[in-house]
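# Fold and contact review
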Amino acid sequence: MIYSTATVPVNPEDETRLTRAQAWAGLKLKARDARLFLPPGLCTRCDVVEESATHFVREATIGDADLREIITLEPEGKVTFFQAAGPREGAIINELFEDEAGELQLRFYCYLGLSGKEPNGPEEQAEQEQFDSDKGYKAALLSTLKRTRELLAEGRL
């Protein structure tokens, strides 16, 4: 089983401040279309294929993997990506919260297994190392906030 977590401040010094509503708008947009937030060419397809009052389903191709995710939104708080089909099983969560000092934070955490792979085997261990590295989900959080600021500046958020 893979468990990984990373937290970054939404408003570090020398960056345009984002309100909770603006950061939330970025997270919602990313949930609907990852192509806007991932490096060019990494996500080649991202389509919402079902919607209901409680969730939506997206199908995407990220890297070489075809994914189907059930996505729930807890307004201005949490986006949960349940892995319904693809190389991973489990959930990925992006959460906005205030720390003890009242500063807005963005946290990623996941509980995942790799479909058809040995639990805690070499593939899962490699995935764990990737998630926990400087190029893993902490970098993805920073990239999400950067892209949110760009979209805000362009008037697209």
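To be clear, the structure that these remarks concern was listed above.
Here is a short report on the structure shown in this document. Being a predicted model, the structure only gives us computed values, none of them experimental. One numbering rule holds for all chains: residues counted from 1, following each sequence as written. Per-residue local features are limited, in this predicted model, to residues with pLDDT of at least 70; the limit for side-chain atom pairs, both in listing and counting, is 80 or more; totals at the level of whole chains, interfaces and linings are taken over all residues. As a rule here, side-chain values come from all non-hydrogen atoms in the structure, and water together with hydrogens is ignored.

### Side note on the overall build of the chain
The cut-off we apply is this: Here a strand is any run of E in DSSP of at least two residues, a helix any run of H or I of at least four, and the numbering for each starts at the N terminus. To get the radius of gyration, use the C-alpha atoms; to get the globule rule, take the number of residues to the power 0.38 and multiply by 2.2 Å. Each residue is placed in one exposure class: buried if its accessible area under a 1.4 Å probe, protein chains only, is under 20% of its type's maximum, exposed if it is over 50%, and partly exposed if it falls in between.
Along the backbone of the chain there are three helices and seven strands. In the chain, the succession of α and β elements from N to C terminus is β-α-β-β-β-β-β-β-α-α. Scaling as 2.2 N^0.38, a compact globule of 157 residues should have a C-alpha radius of gyration of about 15 Å, and the chain matches this with 16 Å. Considering the chain as a whole, with its 157 residues, one finds that 39% of them fall into the buried category.

### A closer look at helix 3 (residues 137-153)
Threshold: For a helix, the expected span equals 1.5 Å multiplied by the residue count minus one. Should any heavy atoms of two residues lie within 4.5 Å, those residues are counted as being in contact.
Here helix 3 spans 24 Å end to end across 17 residues, near enough to the 24 Å set by a 1.5 Å rise per residue. Residues of helix 3 that are buried include every one of Leu 141, Thr 144, Leu 145, Arg 147, Thr 148, Arg 149 and Leu 151, and no others. Looking at the packing, one finds that the buried side of helix 3 touches strand 1 (2-9), helix 1 (20-32) and strand 7 (104-114). Positive backbone phi, approximately 75°, marks Gly 155, located one or two places after helix 3.

### What about a nonpolar patch on the surface?
Spelled out, the test is: Put simply, a patch holds well-exposed residues, over 30% relative accessible area, that have no salt bridge, with like charges counted together within 9 Å and Val, Leu, Ile, Met, Phe, Trp or Tyr side chains within 5 Å. Computed by Shrake-Rupley with a 1.4 Å probe, the accessible areas treat only the displayed protein chains as cover when residues are assessed. The term salt bridge refers to a pairing of a side-chain nitrogen on Lys or Arg with a carboxyl oxygen on Asp or Glu at a separation within 4 Å.
Side chains of Met 1, Tyr 3 and Tyr 111 sit close together on the surface and give an oily, nonpolar patch of about 350 Å² of accessible area. Examined against the element boundaries, Tyr 111 turns out to sit in strand 7.

### So, the layout of surface pockets
Counted only if it meets this: The pocket and cavity definitions rest on a 1 Å grid over protein atoms only: a 1.4 Å probe that fits but cannot leave marks a cavity, an open set with protein on both sides within 12 Å along at least five of seven lines marks a pocket, and residues lining either have an atom within 4 Å of a point. Grid points are joined across faces, edges and corners, and a volume is the space filled by probe spheres set on the points. Under the scheme applied here, ten amino acids are nonpolar (Ala, Val, Leu, Ile, Met, Phe, Trp, Tyr, Cys and Pro), four are charged (Asp, Glu, Lys and Arg), and all others, including Gly, are polar.
Its boundaries defined by the atoms lining it, the largest pocket holds a volume of some 750 Å³. Looking at the largest pocket, it is lined by 30 residues, and the ones nearest its centre are Leu 38, Leu 42, Ile 62, Tyr 137 and Ala 140. Within the residue set of the lining of the largest pocket, elements represented by two or more residues are strand 3 (56-62), strand 4 (65-74), strand 5 (78-85), strand 6 (88-98), helix 2 (122-132) and helix 3. At six residues, helix 3 tops the list of elements feeding residues into the lining of the largest pocket. Class assignment for the residues of the lining of the largest pocket results in 17 nonpolar, seven polar and six charged.

### Some points on the pattern of salt bridges
The tally for this structure, following the rule as stated, stands at 16 salt bridges. A salt bridge links Asp 66 to Arg 45, with the shortest nitrogen-to-oxygen separation between them at 3.5 Å. Linking Asp 66 in strand 4 with Arg 45 in strand 2 (residues 43-51), this pair joins segments that are 21 residues apart in sequence. We note a salt bridge from Arg 147 to Glu 154, for which the minimum N-O separation is 3.8 Å. What makes Arg 147 buried here is its relative accessible area of 17%. Of the residues examined, Glu 154 reaches a relative accessible area of 45% and is grouped as partly exposed. Shared partners join several salt bridges into a network, and the residues in it are Arg 45, Glu 50, Glu 59, Asp 66 and Arg 68.

### Some words on the packing of helix 1 against helix 3
Packed helix pairs are specified by the crossing angle of their axes together with the interaxial distance, meaning the distance between the axes. The following threshold applies: A fitted line through C-alpha atoms represents every axis, and for helices the fit uses only the stretch in contact; the resulting angles, taken between N-to-C directions, go from 0 to 180 degrees. Here the word oblique covers every angle except those under 35 degrees (roughly parallel), over 145 (roughly antiparallel) and from 65 to 115 (roughly perpendicular).
At their nearest, the axes of helix 1 and helix 3 sit 9 Å apart, and the two run at 105° to each other. Here helix 1 lies roughly perpendicular to helix 3, going by the angle between them. Residue-level inspection shows Gln 22, Ala 23, Gly 26, Leu 27, Leu 29 and Lys 30 of helix 1 in contact with helix 3, the latter providing Ala 140, Thr 144, Thr 148, Leu 151 and Leu 152. Counted by class, the contact of helix 1 with helix 3 contains six nonpolar, four polar and one charged residues.

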